[in-house]
Each structure stands twice: as C-alpha cells, then as structure tokens.
Amino acid sequence: MSESTSKPVLSIQDLVVEFKTEAGLIRALDGVSFEVQEGEALGIVGESGCGKSTLARMAAGILPESSGQRFFRGEDYGSLLSRPFDALRIQMVFQDPLSSINPRLRVVDIVGEAPVVHGLISRSEKREYVQSILEEVGLPPDALDRYPHQFSGGQRQRVGIARALAVQPDLLICDEAVAALDVSVQAQIVNLLMDIRAKQNLSMIFISHDLSVVRHLCDEVAVMYLGRVVEHAETAALFKEPMHPYTHTLLEGMPRISLHPREFMPIRGEIPSPLNPPGGCHFHPRCAFATDECGTLKPELREMDPVRLVRCHNAESIRSTVA
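Residues numbered from 1 in each chain as written. Predicted model: local features only at pLDDT ≥ 70, side-chain atom pairs only at ≥ 80, totals over all residues. Heavy atoms only, no water.

Visitor: Can you explain the overall build of the protein? Please cite residues and give values.
Guide: Assigned secondary structure in the protein consists of 12 helices and 12 strands. Rg of the C-alpha trace for the protein: 21 Å, near the compact-globule value of 20 Å for 323 residues, within the 12% margin. Seen along its three principal axes, the alpha-carbon backbone of the protein occupies a region of about 70 × 50 × 45 Å. Out of the 323 residues in the protein, the part that is buried amounts to 48%. Partitioning the contacts of the protein with sequence separation of at least 6, the portion at a separation of at least 24 is 62%. Carbon and sulfur atoms make up 51% of the accessible area of the protein, which amounts to about 15300 Å² in all. Looking at charge distribution, the protein has the averaged site of its 32 positive side-chain charges lying 3 Å from that of its 42 negative ones. (Helix = DSSP H or I, 4+ residues; strand = E, 2+ residues; numbered from the N terminus. Rg over C-alpha atoms; globule rule 2.2 N^0.38 Å. Buried < 20%, exposed > 50% of the residue type's maximum accessible area, 1.4 Å probe, protein only. Contact = heavy atoms within 4.5 Å. Areas by Shrake-Rupley, 256 points an atom, 1.4 Å probe, with all protein chains shown as cover. Lys, Arg positive; Asp, Glu negative; His and termini not counted. Charge placed at Lys NZ, Arg CZ, Asp CG, Glu CD.)

Below, the structure written as structure tokens:
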C-alpha cells in the first residue's frame, strides 16, 4: 500500500488458493492483494482459520496459487523458483522451531549447510561464518556443536532465525514465530527481529494473532477474515481508528492496563466453515452493522483514505458511529 518509485520486494495480486478435500472445495485465500516495500514490515492478523499461514506459505513459494500472481522484485515466482539460489532470498521462520529443524544435525550444519551448498561461503569458512550469525542472534559460541534438543524454546527460535539469515535473504516471513514462547522470551525475540531489520534493511511479513506484538513491530497491518483481507492500513492509523467492524471488535478485545473498568464485547457467533462461507460479505452473520446488501453483494477492498483500504459496504457510516 505504501507508495514507492522502486519495485516492491513482494507483490501479491488477486491471489486465490483452493484445496480439494473429501468434504468439498476450500477456498483458503480469496482474492488477496498487497505489497511489501524495501525495509518494510507488514503484519498479518486474524482469527485461527482465516488463511494467515496459507498466505505465509504462498509468499514463501512453498504452495502454488490456484489463480492470481506473485512477484518478487518485479519477477514472477514461476521463473524465480526455477533458480534455487534466487528462491533463497525469501526465508521463513516457523512457529515451532523444534519441528522445523533437523534434530539429528548440529547447529553448525543446520545454519551453515545452505550457504555452503549455494556458494555463499566455502566449506572451510563454515564454522567462522555460522559463529558470526549466532552472535548476531544472541547465541553463545558453544552453540555451534550442540543439537536442537539441548536448547530452550527461545534459543531454538534463535537457531531458526539464524538459519534463515545465513543465506542473506531480502524478505523474512515469520509465521507465529513467537506464539509458542513465554511472554518474556517473546519480547526478546521481537526486539531481536527489530534490531536485525534495522541493521540489514530487511523486509518482513510478521503473521500473528497477538495484536500488541504486531503494533510494536510492523509499519502496516492487513486484517484477514475467512480468506479475505478486510482492512489494510498503516499501523498507527489502524489502531487509532479501525474502520472495518471486524477490526474494531478485534482491537476492543486487546488486553489493556487501565484503572477504569471497561465492557468487553466478544465477536458474536463462530467463524463460519470455509467449506460453506456466507454469501456477500463473509463477516455479515457476525456483524452488528450488517444490512441486506451485506448478505448478497461481495464488498471490494476500496481506498478510504491515503493510508487505508477497507472491504465494507458501510465503512463510512461505521466510521462516524464508532468514532
């Protein structure tokens, strides 16, 4: 959404992802579009099942699209992924580091093998190179020869981050990278990612259900609901004045430190099944502002102001009501 004269690091255009299951066809992503500029951090938030992790794997090139286009620095993913080294410029950090790294390898091999195979360093340089990466992510020198089970959860996540950074990526995708960690460790990992991003001008997609973490880390936020982006805005603008009713309800539910009591209004109902999503606006069965139009006509993602896109038929009236 940010304006730039250069090509974005990542551009996703009208992306659709469908999965065939025994129960029927699931549309996990339904016309998703966004861009990530050089050095920018984009947060993706939403309830479980909204398509966040599918989007992460699409952006990383792990899954194919059903329709739509993906571009990395202006180049189509089809040609990018045919060249393994260029494909390494997009790296991913997963939620559970223990299941995403090989438990039989030592850290020196987990982190250092890909740079050797792809010619970034020679095999004789591997130990020294990996040690420099470990220092960057806050791990001690003796971590080189240890195995994943010998680390705490936060340390294993640092190993996962080190592995991603070792091939010098342009884009880092973090899929719930701090969700499984204690709160104090979460803060350490978030601060580490912020430091790395600042030092390397690294572009980042940060996927999380924790709005406070996204607020702290990201320049822009895209809110997803049942496979669609329903609001995309600069972080400060979104948290100050959410315009989609789903975004508004999510932010109302954020924990706050306050001396004054406040009424908590949970989102009514359950998220619908992706096998049989509601017609029109997917959110309308749970929306307090829904009209007859919302149940029949799919809203488009439209520009409400220079820093915001909203997918809602009644965004203007809702803005005045909740202001």
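Visitor: Residue-level account of the sheet that holds strand E9 (residues 220-225), with values.
Guide: Taking strand neighbours across the sheet as the criterion, the eight strands line up as E6-E7-E8-E3-E9-E10-E12-E11 in an open arrangement whose pairing is mixed. Strands at the two margins of the open sheet, each flanked by one partner only, are strand E6 (90-93) and strand E11 (302-305). Between one strand and the next, the sheet's axes are offset by a mean angle of 20 degrees, whatever the strand orientation. Pairing analysis gives six bridges linking E9 to strand E10 (residues 228-234), with the strands arranged antiparallel. The residue bridging tyrosine 225 from the neighbouring strand is arginine 228, located in E10. Sheet contacts for helix H7 (residues 153-165): E6 and strand E7 (171-175); angle to E6, the most-contacted strand, approximately 175 degrees. Each of E9 and E10 is contacted by helix H11 (residues 245-252), which is oriented at about 105 degrees to E9, the strand it contacts most. (Pairing = 2+ DSSP bridges. Axes fitted to C-alpha atoms, helices over the stretch in contact; angles between N-to-C directions.)

Visitor: Give a detailed account of the pattern of salt bridges, specifying residues and quantitative values.
Guide: As a working rule, side chains carrying opposite charge can pair if their charged atoms are close by. A full pass over the atoms with the stated rule returns 22 salt bridges. Notably, a salt bridge pairs arginine 57 with aspartate 175, separated by 2.9 Å at the nearest N-O pair. Placement of the pair is arginine 57 in helix H1 (residues 52-59) and aspartate 175 in strand E7, with a sequence separation of 118 residues. Within this structure, Arg106, Asp109, Glu113, Arg123, Lys126, Arg127 and Asp145 form a network of salt bridges that share partners. (Salt bridge = Lys/Arg side-chain N within 4 Å of Asp/Glu carboxyl O.)

Visitor: Got a sec to walk through the nonpolar core? Specific residues and values, please.
Guide: If you look at the biggest cluster of nonpolar residues, it comprises 59 residues, and the most contacted ones within it are Val111, Ile161 and Phe206. Ranked by size, the runner-up nonpolar core spans 29 residues in total, among them Val17, Cys50, Phe72 and Tyr77. (Core = buried A, V, L, I, M, F, W, Y, C linked by side-chain atoms within 4.5 Å.)

Visitor: For the pairing of strand E1 (residues 10-21), give the residues involved together with the corresponding values.
Guide: In the sheet, E1 pairs with strand E2 (residues 24-36) via 10 bridges, with the strands oriented antiparallel. When the bridges of E2 are listed, valine 17 appears paired with leucine 29.

Visitor: Summarise the sheet that holds strand E4 (residues 67-72); cite the residues concerned and give the values.
Guide: Reading across from one edge, E2-E1-E4-E5 is the order of the four strands in this open sheet, with antiparallel pairing throughout. In this open sheet, the two strands that pair with only one neighbour each are E2 and strand E5 (75-76). Strand direction decides the pairing type here: E4 and E5, joined by two bridges, are antiparallel. Across the sheet, phenylalanine 72 pairs through a bridge with glutamate 75, a residue of E5. Here H1 sits on the sheet and contacts E1, E2 and E4; the angle it forms with E2, its principal contact strand, is near 60 degrees.

Visitor: Describe in detail unusual backbone geometry, supporting the description with residues and values.
Guide: Phi is positive for aspartate 14, which is not a glycine, with a value near 50 degrees. Position of aspartate 14 relative to the elements: it lies in strand E1.

Visitor: Explain helix H6 (residues 126-136) to me, using residue names and the numbers behind them.
Guide: Taken residue by residue, H6 has Lys126, Tyr129, Val130, Ile133 and Leu134 as its buried positions. Seen end-on, H6 carries its buried residues on one side only, within an arc spanning 140 degrees. Exposed residues lying more than 90 degrees from the buried face of H6 are Glu128 and Glu135. Among the structural elements, helix H5 (107-117) and H7 are those in contact with the buried residues of H6. Directly beyond the C-terminal end of H6, a positive phi value near 85 degrees is found at glycine 138. (Arc of directions from axis to C-beta.)

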